[in-house]
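# Descriptive analysis of the structure
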Amino acid sequence: MDRINIKKLEVFGKHGVLPEENVLGQKFLISAVLYMDTRQAGMADDLEKSINYALVCQFITKFMQENTFKLIEAAAEKLAEAMLYEFNGLEKIQLEIEKPWAPIGLPLQSVSVQIERSWHRAYIAFGSNMGNKEKYIKQGIEELENTFGCHIIKVSEFIQTEPYGGVEQDNFLNGCLEMKTLYRPKELLHILNGIEKNANRERIVRWGPRTLDLDIIFYDNLVLSDPELVIPHMDMQNREFVLEPLKQLNPYFKHPVYNVTVEEMLNKLKQKE
């Protein structure tokens, strides 16, 4: 991606662990690297197609002045989140907050924290086979969309499918959604589990009936194997009720392990039937 660099913007703020820092305040230096696509702006010579760095500097200054944090780690985290939300087209940010002459009782020139944060693309499979299935799913999607750090891009059609896993139960209503998120995989998992809990999901029988099921299928091109979470979903290639709606969203997304597209996985699965 292209980059816009902002170096050592001087901001006065009241951030620090010591009480006097929160009262008297001090100078901070903010540097940011904004990752985006500047092609259209450069070709058209049009500021509206880019990110106005003057507005970015004003936003940073206002944020640092109107908020108070004990740690510059917290200031960096919250500022990065706020900027990714505020500026359309901003995909990733490298942010450094420097604290000159930090009051540690030693001759220190400065200390700084540097972080990198970005939007991530995730595909989530959803399903329900209890009660008002469509209502549970739509409420879950709405709750996810209203969660800070999450933005739903597309939702597939809902499809009716037979139960999977050998447990006798009612038919399912299934689908998939594509979303952007600021959360890391396990953080996103905990959010999804919370939404399931709000729908009165009970985990009694594996592959059993549930009011709402939300599974992370893909997260960028990440490959993760952990006792709590496996990405890509370890059984997705065998589930037509996942692949069919996923194909509606992005048929050419490649599985980062098998190196085949969603459409290819679906066609292969149908050939086995």
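Look a little higher up for the structure.
A quick note: this is a predicted structure, and the numbers were derived from the prediction, not measured.

Secondary structure assignment for the protein yields eight helices and 11 strands. Relative to its full complement of 273 residues, the protein shows a buried share of 45%. Once local pairs closer than 6 in sequence are excluded, the contacts in the protein between residues at least 24 apart make up 65%. Surface accessibility of the protein: about 15400 Å² in total, with carbon and sulfur atoms responsible for 49%. Distance between charge centres in the protein, computed from 32 positive and 40 negative side chains, equals 2 Å.

Quick look at helix 8 (residues 262–272) now. Residues spaced three or four apart along an α-helix face the same direction, because each turn holds 3.6 residues. Within the sequence span of helix 8, burial applies to Val262, Met265, Leu266 and Leu269. Mapping the buried residues of helix 8 onto a view down its axis gives an arc of 100°, with all of them on the same face. With respect to the buried face of helix 8, the exposed residues turned more than 90 degrees away are Lys268 and Gln271. Where the residues of helix 8 are buried, they touch strand 9 (213–219) and helix 7 (240–249).

The residue His255 is located in the loop between helix 7 and helix 8 in this model. If we ignore the near neighbours within four places in the chain, the residues touching His255 are Phe218, Pro232, Met236, Val260 and Met265.

Our next topic: helix 7. By the burial criterion, the buried members of helix 7 are Phe241, Val242, Leu243, Pro245, Leu246 and Leu249. Buried-residue contacts for helix 7 involve strand 5 (120–128), strand 6 (150–155), strand 7 (159–161), strand 8 (172–181), strand 9 and helix 8.

The subject of this paragraph is the packing of aromatic side chains. In total, this model carries eight aromatic pairs according to the counting rule given. Ring geometry for Phe126 and Phe158: centres 5.4 Å apart, planes at 75°, overall edge-to-face. Here the residue Phe126 occupies a position in strand 5, and Phe158 occupies one in the loop between strand 6 and strand 7, the gap between them amounting to 32 residues. On the basis of relative accessible area, Phe158 is assigned to the partly exposed category, the value being 27%. Over the ring of Tyr35 we find Lys92, and its NZ or CZ is 4.3 Å from the ring centre. Positioned above the aromatic ring of Trp119, the side-chain terminus of Lys180 is 4.7 Å from the ring centre.

All right, on to the side chain of Thr261 then. On the secondary structure map, Thr261 appears in the loop between helix 7 and helix 8. When sequence neighbours within four positions are dropped, the list of residues in contact with Thr261 reads Pro251, Tyr252, Phe253 and Lys254.

The next subject is the sheet that holds strand 4 (residues 110–118). Overall, antiparallel pairing links the four strands, which are arranged 1-2-3-4 in an open sheet. Only two strands of the sheet have a single neighbouring strand rather than two, namely strand 1 (2–13) and strand 4. Going from strand to strand, the sheet's axes swing by 15° on average, the running direction of each strand aside. For strand 1 and strand 2 (residues 26–36), the ladder comprises 10 bridges, and the chain directions are antiparallel. Bridge assignment links Arg3 to a residue of strand 2, and that residue is Tyr35. Packed on one face of the sheet, helix 3 (residues 53–66) meets strand 1, strand 2 and strand 3 (92–100) and runs near 35° to strand 1.

Once that is clear, we can look at the pairing of strand 5. Burial runs high along strand 5: eight of the nine residues are buried. Alignment of strand 5 against strand 9, held across six bridges, turns out to be antiparallel. Bridge pairing in strand 9 links Gly127 to Asp213.

Among the nonpolar cores identified, the biggest contains 33 residues, and Ile30, Leu34, Ile60, Met64, Met83 and Leu95 are the most heavily contacted of them. Those elements that place two or more of their residues in this core are strand 1, strand 2, helix 3, helix 4 (72–86), strand 3 and strand 4. Looking at this core element by element, the count peaks at eight residues for helix 4. Apart from the residues lying within four places of it in its own chain, the contact partners of Ile60 are Leu9, Val11, Ile30, Leu79 and Met83. Judged by nonpolar contacts, the second largest core, of 23 residues, contains Ile124, Leu173, Leu177 and Leu188.

Basis of the calculations
Residues numbered from 1 in each chain as written. Predicted model: local features only at pLDDT ≥ 70, side-chain atom pairs only at ≥ 80, totals over all residues. Heavy atoms only, no water. Helix = DSSP H or I, 4+ residues; strand = E, 2+ residues; numbered from the N terminus. Buried < 20%, exposed > 50% of the residue type's maximum accessible area, 1.4 Å probe, protein only. Contact = heavy atoms within 4.5 Å. Areas by Shrake-Rupley, 256 points an atom, 1.4 Å probe, with all protein chains shown as cover. Lys, Arg positive; Asp, Glu negative; His and termini not counted. Charge placed at Lys NZ, Arg CZ, Asp CG, Glu CD. Arc of directions from axis to C-beta. Phe/Tyr/Trp six-rings, centres within 6.5 Å; stacked < 30°, edge-to-face > 60°. Lys NZ or Arg CZ within 6 Å of the ring centre and 35° of its normal. Pairing = 2+ DSSP bridges. Axes fitted to C-alpha atoms, helices over the stretch in contact; angles between N-to-C directions. Core = buried A, V, L, I, M, F, W, Y, C linked by side-chain atoms within 4.5 Å.

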